[in-house]
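# Structural description and commentary
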Amino acid sequence: MKQVVYVDVLLTTNLFINYFLLLSCAKLLKKTAKRLRLFFGAAFGAAVSLSIFLPEMSFFSGLIFKAVTALTIVYITFGAGGFKNFMKLFLAFIAANFIFAGSMMALWFMFKPGGMVVNNSIVYFDISVPVLIISTVVCYGFVGAVSKIVARRSASYVEYTVTIAFDSLSVTGSGYLDTGNALTDCFSGFPVIVAKRKFIEKLFFPEELDCFKGQSTFTPSEGRLKSRIRIIPFGTIKDQGIIKAFRPDYIVIEKDKVLICKTREVYVAVSDRNFSSFQNDVLLNQKIFDTKEM
């Protein structure tokens, strides 16, 4: 038995769904888009849905066709705005498509309306207007819930660019602000940040790096590190002990190329442990932003 595809239903359904897909994309990344551009992007997607009447494409051709279509829809709706930003929007649009597709399929199997045709990655639902509206609103609400979870995680994770200078040498990497890091040098009262050993090793000679191994209390009596090493006690839920720290010439903290902090009032502890689930080079201390700047 052949399924009849009505062009008006096909275009209207895809226009409606694409519009909410683009709204979801904007919601996921907290972007703003003009309603007219949203409409034109959705209209282009609806027009592309007519490819359901073309001969079936191969898997590879269909994949390229779908990718080009998605890229074009995103460009019409949001513009370019730089390669990195554009790719984020493209990936968010793809993610929204997956969420919508999964949700719509679940609702389809729950309510089992009349008929469905799939060709060239285009899905046609012979679906009533009320069911279409309810299904899309439910799916949009689900995407909204996902975006809130993503936003909550993003809000708790802010990445900084950190530069540590020592004796005319410097290294630059990524830093993560951990509110749980309250380490302080008990003599000076300076905050302590924690850097990965591999990150700071370019600042020191091999024999100097040996000073930071293990939990030994040995400190050098001569050389560049003389009087610049501290033994910092630490304690966590899982472990406790001591960690070696050195006094840098200064550190610089930036966010999005904007200077946030530049100070000498800090110690840098050196660790071989993977202390951050975000794989950053430096674990920052909130108190660093309260120090006296250079």
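Details of the structure are given in the entry above.
First things first, this report covers the structure right here in the doc.

How each quantity is defined
- Residues numbered from 1 in each chain as written.
- Predicted model: local features only at pLDDT ≥ 70, side-chain atom pairs only at ≥ 80, totals over all residues.
- Heavy atoms only, no water.
- Helix = DSSP H or I, 4+ residues; strand = E, 2+ residues; numbered from the N terminus.
- Buried < 20%, exposed > 50% of the residue type's maximum accessible area, 1.4 Å probe, protein only.
- Contact = heavy atoms within 4.5 Å.
- Areas by Shrake-Rupley, 256 points an atom, 1.4 Å probe, with all protein chains shown as cover.
- Pairing = 2+ DSSP bridges.
- Axes fitted to C-alpha atoms, helices over the stretch in contact; angles between N-to-C directions.
- Core = buried A, V, L, I, M, F, W, Y, C linked by side-chain atoms within 4.5 Å.
- Expected span 1.5 Å × (residues − 1).
- Arc of directions from axis to C-beta.
- Phe/Tyr/Trp six-rings, centres within 6.5 Å; stacked < 30°, edge-to-face > 60°.
- Polar contact = N/O pair within 3.5 Å; in protein donor to acceptor, adjacent residues only side chain to side chain.
- Patch = residues over 30% accessible without salt bridge, like charges linked within 9 Å, V, L, I, M, F, W, Y side chains within 5 Å.
- Salt bridge = Lys/Arg side-chain N within 4 Å of Asp/Glu carboxyl O.

On to the overall build of the protein, then. Across its full length, the protein carries 7 helices and 11 strands. Residue burial in the protein is summarised as follows: out of 294 residues, 40% are buried. A fraction of 68% describes how many contacts in the protein between residues 6 or more apart in sequence connect residues 24 or more apart. On the protein, roughly 16,900 Å² of surface is accessible, and the fraction owed to carbon and sulfur atoms is 62%.

What follows deals with the sheet that holds strand β9 (residues 258-263). Pairing is mixed in the open sheet, where 9 strands are placed in the order β6-β7-β10-β5-β11-β4-β3-β8-β9. Whereas interior strands pair on both sides, the edge strands pair on one side only; in this sheet they are β6 (229-235) and β9. Neighbour-to-neighbour, the strand axes of the sheet open up by a mean angle of 35°, direction not taken into account. As defined by bridge partners, strand β3 (residues 159-166) adjoins strand β4 (residues 169-177) across 8 bridges and the pair is classed as antiparallel. Bridge assignment links glutamate 159 to a residue of β4, and that residue is tyrosine 176.

Let us now look at the nonpolar core. With 27 residues, the main nonpolar core has Ile164, Ile200, Phe204 and Phe246 as its most contacted residues. Put simply, the parts of the chain that give this core at least two residues each are β3, β4, β5 (192-196), α6 (197-200), β8 (250-255), β10 (267-271) and β11 (282-284). In terms of residue count, the dominant contributor to this core is β3 (4 residues).

Before going further, it helps to spend a moment on helix α2 (residues 35-48). Taking 1.5 Å of rise per residue, the 14 residues of α2 would be expected to cover 20 Å, and the 20 Å separating its terminal C-alpha atoms lies within 8% of that figure. What α2 keeps buried is the set Leu38, Gly41, Ala42, Gly45, Ala46 and Val48. One side of α2 carries all its buried residues, which in axial view fall inside an arc of 160°.

On to the packing of aromatic side chains. Overall, the coordinates contain 8 aromatic pairs when judged by the stated rule. Measuring from centroid to centroid gives 5.0 Å for phenylalanine 166 and phenylalanine 204, while their planes differ by 50°, and the two rings are tilted. You can see phenylalanine 166 sitting in strand β3 and its partner phenylalanine 204 sitting in the loop between α6 and α7 (206-209), a full 38 residues away along the chain. Ring geometry for phenylalanine 166 against phenylalanine 246: centres 5.7 Å apart, planes inclined by 85°, an arrangement best described as edge-to-face. Pair noted here: phenylalanine 166 is in strand β3 and phenylalanine 246 is in strand β7 (residues 240-246), with a separation of 80 residues, a long-range link. Through pairs of rings, three or more aromatic residues link up here, namely Phe166, Phe204, Phe212 and Phe246.

Let's shift gears to unusual backbone geometry. Unusually for a residue other than glycine, aspartate 256 sits at a positive phi of about 55°. Its location among the elements puts aspartate 256 in the loop between β8 and β9.

We now examine the side chain of aspartate 185. One can find aspartate 185 in the loop between β4 and β5. A polar contact is formed between the side chain of aspartate 185 and the side chain of arginine 230, at a distance of 3.3 Å. Not counting residues within four places of it along the chain, the set of residues in contact with aspartate 185 comprises Phe190, Val192, Arg230, Ile232 and Tyr267.

Another point: helix α3 (residues 59-78). When the terminal C-alpha atoms of α3 are compared, their 28 Å separation across 20 residues agrees well with the 28 Å that a helix rising 1.5 Å per residue should span. All buried positions along α3 are accounted for by Gly62, Thr69, Ala70, Ile73, Val74, Thr77 and Phe78. Buried residues in α3, looked at end-on, bunch into an arc of 130°, giving them a common side. Looking one or two places after α3, you find glycine 79, whose phi comes out positive at around 75°.

A contiguous nonpolar patch, built from Phe59, Phe60, Leu63, Ile64 and Val68 and spanning about 560 Å² of accessible area, is present on the exposed surface. On the secondary structure map, isoleucine 64 appears in helix α3. You can call isoleucine 64 partly exposed: its relative accessible area is 42%.

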